[in-house]
Amino acid sequence: MAISVKVIRRPEAARSSYLRAALKGMSLTFRHMVNPRKVTRSYPEEPTELHPRWRGTHRMEVHADGRPKCVACGLCPTVCPANCIRLVGGEDDQGNRYPIVYEIDEFRCIFCGMCQEVCPVEAIHVGQHFENAEYTRERFVYDLDRLMEQEHPVTALWDPSDPASE
Amino acid sequence: MSTVTLTIDGHRVTVPEGTSLLHAAEEIGVEVPHYCYHPALSAPAQCRLCLVDVEGAPKPMPSCVTQAQEGQVVRTDQGLAREMRKGVLEFYLINHPLDCPICDQSGECKLQDYVHSEGRAHGRGVEPKRVFGRDDFGGDVLFYGDRCVMCTRCVRFMEEMAQDPVLTVVERGDRAVIDTFFEQGLKDSSWSGNIVDICPVGALVSKDFLHKARAWDLDHTPSVCPNCSQGCNIDIHTRDNVVHRLKPRENPEVNGHWMCDYGRGRYEWTNRSDRITEPFARGDGGWLAPGWHGALPSLQERLEDCRGPVHAVASAHASNEDLGALRELVERIGGGDIVYRSARASDEVPLPGFPMLARRRDLAPNTRGAELLGMHRVGGDDASGGLDKVAASTGTLIVLGDELADQPEDFGSRAELFVYLGAHPAPAARSAHFVLPVTTFAEQEGTFTNVQTRVQRFEPALRGAGNAQPAWQVLGALTASLAGEPAPASAAESFSRLAARVPEYEDLDYDQLGAQGVPANRPAAIAGER
């Protein structure tokens, strides 16, 4: 096969100049400079507002006497699609069923919120929270004490006064 | 036998005369909800849940006690029958606490099932529910009175099966509750665990299993109870490779629906974590872990060199395949006595209402299997002693499964070759030249031969510990390489070798043993009596 050469002509100056595109881009930049609707936040000094149904890391509700509300019924590990909850039930000294081990692997969790939805005693909740940085991976397996210590607000997956959305 | 033909839910079904409507409905795959009826107990027809609509009958009929009649037209699932059940279920929920989240029966509860499938979606009750709290019935049984549906299955079990009437209904109406006499409890009944099994709701629960696992998390593996030579058919319930409980599996030829508390409570050893996980061989400087590929060939060489007498100690807890492979190996290297030691109770504990079933004297599952392979029982009733001759052996010594708990530290130190195969470390086996890890019955498949000479299969419920292998595989591979033959590849193959050796197993086929086992061929002397 004979070798052929394709000649491509250089585009003319009006098309090859970057000046027009640069000006177009800069005009957008300058427009935003004078735009009163600012979108940049000074995080973390200015906290971010989260959407009401934001689903973040978990929190375990506690009774007034400091016991976890969880009754170790096993529904959350059953419903969890990511299989991130480990639960071992037992009986405390007052004869109540309670979780001896309750661990959530927040790395495995996909934050679907089904654990909160299925909980018959409103114990486990997903939270309005996203600041979870840690130095080790192990710290992302939250045990029962850690879950009970969490203080961030919890997510309202539904209106408590109208749970069936009627 | 004369039969009757009737119509149930539009399907014609022919059943033997005298069949109850409930069983006739089962024939066409319809389960009529019921509480008080249990196939092994009398039917008082008091739960009123199995009411069905029979055409021409003046009122709804309880299907558990109504006999099927020729030409009857029965409706179980629509119209009146369904409305009645819905009403009855609503009555049941008047005082039921609905504490399913903390109830151990949750997931296997008949009240949960029936209400979910055909009960009302919302309760209409406004009055407070009556509260009884819980009561310790003694033994392994805990009673939650609030959850009880008053089916009285437990009362009738203790009366008719255990024939030890220690339970009764006290009070009447909504104050009625199951109780024992004057706080006597179940008086150490040997069969009380069965009332937990037959309780259709969470009123009677096991203390041992309390809050341990949810019913839907448990894997069920058909197996055979390893705690006496009765060989009750059981299901092993496991979760995360841990055995959580044993439940009886129905077998009308062996244990009916029942099992004893002795067998039910002894499963913890299957969860022991002190296991031999690697094959060890004794080297010049101490123990080596050469792996199976290193250990077996060097053991084979040693076996070929040994010329002394052969002694072997087996265990009646090992399967027929394991024992058969041991017998084959011993004969291959020159033959010798195989002895076993097993614990014996002082008496049998029969279930009076089902006399075929008893906690047998032999507290090991396979004593009959060991005997059929020509092994002799030695030692006392507490599975100790009797090994003096073996311990003094100067030839080859093979120990399979016996932990040698009572033996001195220098056991077998005079032997030319001492091989120990076991699941758990045995301190007395420290003189062994080879320590090989084998699986327990819960981790391998195989067969036990029970006291009726019935061969029953069990399935693996757990993963084996580390590199442990079934003993039939280890011993079979050794025999095969000594003989230059292929090793048995499966328990079925190992069993067929056994069947060729033991006349009682001659006609048996491993795959046809099924879930319920098959009686072995009677020895000619016994067969002649029939």
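Quick notes on the rules
Residues numbered from 1 in each chain as written. Chains lettered and ligands numbered in written order. Predicted model: local features only at pLDDT ≥ 70, side-chain atom pairs only at ≥ 80, totals over all residues. Contact = placed C-beta atoms within 7 Å. Nonpolar A, V, L, I, M, F, W, Y, C, P; charged D, E, K, R; others polar. Helix = DSSP H or I, 4+ residues; strand = E, 2+ residues; numbered from the N terminus. Buried ≥ 20, exposed ≤ 12 C-beta atoms within 10 Å, placed from the backbone. Pairing = 2+ DSSP bridges. Axes fitted to C-alpha atoms, helices over the stretch in contact; angles between N-to-C directions. pLDDT = per-residue confidence, 0-100. Core = buried A, V, L, I, M, F, W, Y, C linked by C-beta atoms within 7 Å.

Enquirer: Which residues make up the interface of chain B and chain A, and what are the values?
Expert: Taken together, the eight residues of chain B in the interface contact 11 residues of chain A. Grouping the constituent residues of the side of chain B that touches chain A by class yields four nonpolar, one polar and three charged.

Enquirer: Got a sec to walk through unusual backbone geometry? Specific residues and values, please.
Expert: The peptide bond linking Tyr-43 of chain A to Pro-44 of chain A adopts the cis configuration, its omega dihedral lying at 5°. With respect to the element layout, Pro-44 of chain A can be found in the loop between helix H2 (19–34) and strand S1 (58–60). With phi around 55°, Leu-98 of chain B is a residue other than glycine that occupies positive phi space. Of note, Glu-183 of chain B is a non-glycine position whose phi angle comes to about 55°, a positive value. By the element assignment, Glu-183 of chain B lies in the loop between strand S9 (177–180) and helix H5 (193–198). Since 9 C-beta atoms lie within 10 Å of it, Glu-183 of chain B is described here as exposed.

Enquirer: Run through the sheet that holds strand S5 (residues 73–75) of chain B, naming residues and quoting values.
Expert: Residue and element names in this part refer to chain B. In space, the five strands of this open sheet follow the order S2-S1-S5-S3-S4, with mixed pairing throughout. Here the strands that pair on one side only, and so sit at the sheet edges, are strand S2 (11–16) and strand S4 (61–62). As judged from the two bridges shared by strand S3 (residues 51–54) and S4, these two strands associate in the antiparallel manner. By the bridge assignment for S4, Val-52 is matched with Met-61. Helix-sheet contacts for helix H2 (residues 79–95) involve S3 and S5, and the interaxial angle to S3 is about 160°.

Enquirer: Describe the environment of His-376 of chain B, naming the residues involved and giving the relevant values.
Expert: Residues and elements named next belong to chain B. Of note, His-376 is situated in strand S20 (residues 376–377). Of the residues examined, His-376 has 12 C-beta atoms within 10 Å and is grouped as exposed. In the structure, His-376 is positioned 49 residues away from Arg-327 in sequence and 12 Å away in space, judged by C-alpha atoms.

Enquirer: Talk me through the confidence of the model for chain B; I want residue IDs and the actual numbers.
Expert: Low pLDDT means the predicted coordinates in that region are not meant to be read closely. Residue and element names in this part refer to chain B. Within chain B, residue pLDDT values average 92, and 98% of them lie at 70 or more. Within chain B, strand S11 (residues 219–224) carries the highest mean pLDDT (97), whereas helix H13 (residues 524–529) carries the lowest (42). With pLDDT under 50 throughout, residues 524–530 is counted as low confidence; its partners more than four residues away or in other chains account for one contact. Interface confidence in the predicted complex, given as ipTM, is 0.81; pTM for the same model is 0.89.

Enquirer: Let's hear about the sheet that holds strand S13 (residues 242–248) of chain B: which residues, and what values?
Expert: All names here are of chain B. The antiparallel open sheet is built from three strands, whose spatial order is S11-S12-S13. Each end of this open sheet is capped by a strand with a single partner; those strands are S11 and S13. Averaged over all pairs of adjacent strands, the angle between their axes in this sheet comes to 30°, without regard to strand direction. Two strands pair when backbone bridges link them, and S11 and strand S12 (residues 233–239) are joined in this way by six bridges, in the antiparallel orientation. Within the sheet, the bridge partner assigned to Val-224 lies in S12 and is Asn-233.

Enquirer: Which residues make up the nonpolar core, and what values go with them?
Expert: Note on soluble globular proteins: their nonpolar side chains tend to be buried together. Residues and elements named next belong to chain B. One finds Cys-154 and Leu-204 to be the most contacted residues of the largest nonpolar core, which totals 74 residues. A total of five residues in this core trace back to one element, the largest contributor, which is helix H4 (residues 153–161). Here Cys-154 is in contact with Leu-167, Ile-178, Ile-195, Ile-198, Cys-199 and Leu-204, once residues within four sequence places are set aside. Among the nonpolar cores identified, the runner-up in size contains 68 residues, and Ala-325, Ile-338, Leu-372 and Val-419 belong to it.

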